[in-house]
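An overview of the molecular structure
Take a look at the letters that make up each chain.
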Amino acid sequence: MRAMILEAQGKLLRVAELPIPQPNSQQVLIRVRACGVCRTDLHIVDGELTQPKLPLILGHQIVGTVAAVGEQVQQFQIGNRVGVPWLGHTCNCCRYCLSGRENLCDYAQFTGYQIDGGYAEYAVADAQFCFPIPEGYPDLQAAPLLCAGLIGYRSYRMAEDAEKIGFYGFGAAAHILIQLARYQGREVYAFTRAGDVKGQEFALNLGAVWAGCSEDLPPVPLDAAIIFAPIGSLVPTALRAVVKGGVVVCAGIHMSNIPAFPYEILWEERVLRSVANLTRRDGEEFLALAPQVPIRTEVQPFPLVQANEALDALRSGKINGAAVIVVE
């Protein structure tokens, strides 16, 4: 099979010919059709996440069809269409797994990080961590649901019943979650990098009531803010934008250093919290909810051999919606 391989952090991916992996008794072999490109992939390539398996096949928003099943797999059959998310394996016995917080598992392994991912023609995955793809979603449009959607959904739930929500960084996750927020009757305020008129127009077209620069205060105080951009300086900015008792959620797996800020902008019971990974329950809930909205994803496709170009486009902010690798 063809695959795009990361051999060392800080280097470009290279095209490689590899043997097709074989599933163990609890895995499925997936013929990959599409794989979303995530900012986490950039963090891995750039060395900001420091514990990848190397060499590594990136990609944790995999959509494909089951080509083979392990002998203990009962929930999937050959030909089923499935999705593979970031969370690829847990121990099922640590304090976190036993308390319904498998996203914090001490021994978790992640797709496209410790487990080879979907920048390839085939991938293997633990069947217990795969999801059926809802009908009505073509492969390309389904791929962003598996991370931008799922971890975005977990972050969105942390905002609780906020009526006015700010999204800092209007990329793949925000363009999905704004659709859910509007469906639920909430107001979304979109924040983009300075001068990103195209991104602000994109947000307004999706139903944002206001769009502006990330450094600006919104026209009204926010009940909650979700920071999708990996920029630590946005934390005090968002704290200043939320009301007493408001919530600021840091949605990314990596963020630049948070600068010192005065206690007064955290005081009055404002809450600052992070979101780590996802649980299978998040996936089941969100993938059942997405067709009801219905959520539609905007994607920019790239051939497998142009994975480096896709990562560069994401890094430079040239993607409206989500970038997706197409595997022919």
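So, here's what we can say about the structure.

Calculation notes
Residues numbered from 1 in each chain as written. Predicted model: local features only at pLDDT ≥ 70, side-chain atom pairs only at ≥ 80, totals over all residues. Heavy atoms only, no water. Helix = DSSP H or I, 4+ residues; strand = E, 2+ residues; numbered from the N terminus. Buried < 20%, exposed > 50% of the residue type's maximum accessible area, 1.4 Å probe, protein only. Lys, Arg positive; Asp, Glu negative; His and termini not counted. Salt bridge = Lys/Arg side-chain N within 4 Å of Asp/Glu carboxyl O. Contact = heavy atoms within 4.5 Å. Axes fitted to C-alpha atoms, helices over the stretch in contact; angles between N-to-C directions. Parallel < 35°, antiparallel > 145°, perpendicular 65-115°, else oblique. Left-handed = near helix turned anticlockwise from the far one by under 90°. Nonpolar A, V, L, I, M, F, W, Y, C, P; charged D, E, K, R; others polar.

1. Focus on the side chain of Asp-41
As for its position among the elements, Asp-41 is in helix α1 (residues 39-45). Despite its burial, Asp-41 pairs with no opposite charge; the closest candidate is Arg-39, at 10 Å N-O. Discounting residues that sit within four places of it in the chain, Asp-41 has contacts with Gly-36, Leu-58, Gly-59, His-60, Tyr-119 and Leu-311.

2. Regarding the packing of helix α4 (residues 150-158) against helix α5 (residues 172-183)
Two elements in contact, α4 and α5, have axes whose closest approach is 9 Å; the angle formed by their N-to-C orientations is 50°. Classed by the angle they form, the pair α4 and α5 counts as oblique. With respect to the hand of their crossing, α4 and α5 are arranged in right-handed fashion. Between α4 and α5, the contacting residues are Gly-152, Tyr-153 and Tyr-156 on the first element and Ala-173, Leu-177, Leu-180 and Ala-181 on the second. Residues belonging to the contact of α4 with α5 are distributed by class as follows: six nonpolar, one polar and no charged.

3. A closer look at unusual backbone geometry
Residue Pro-55 is reached from Leu-54 by a cis peptide bond, and omega for that bond is -5°. Looking at the secondary structure, you find Pro-55 in the loop between α1 and β4 (56-57). Between Val-293 and Pro-294 the backbone carries a cis peptide bond, its omega angle lying at -15°. The backbone of Glu-160 shows a phi angle near 55°, a positive value even though the residue is not glycine. Turning to its location among the elements, Glu-160 is positioned in the loop between α4 and β11 (164-168). Unlike most non-glycine residues, Asn-277 shows phi in positive territory, near 60°. Relative to the elements of secondary structure, Asn-277 occurs in the loop between β16 (271-274) and α8 (280-289).

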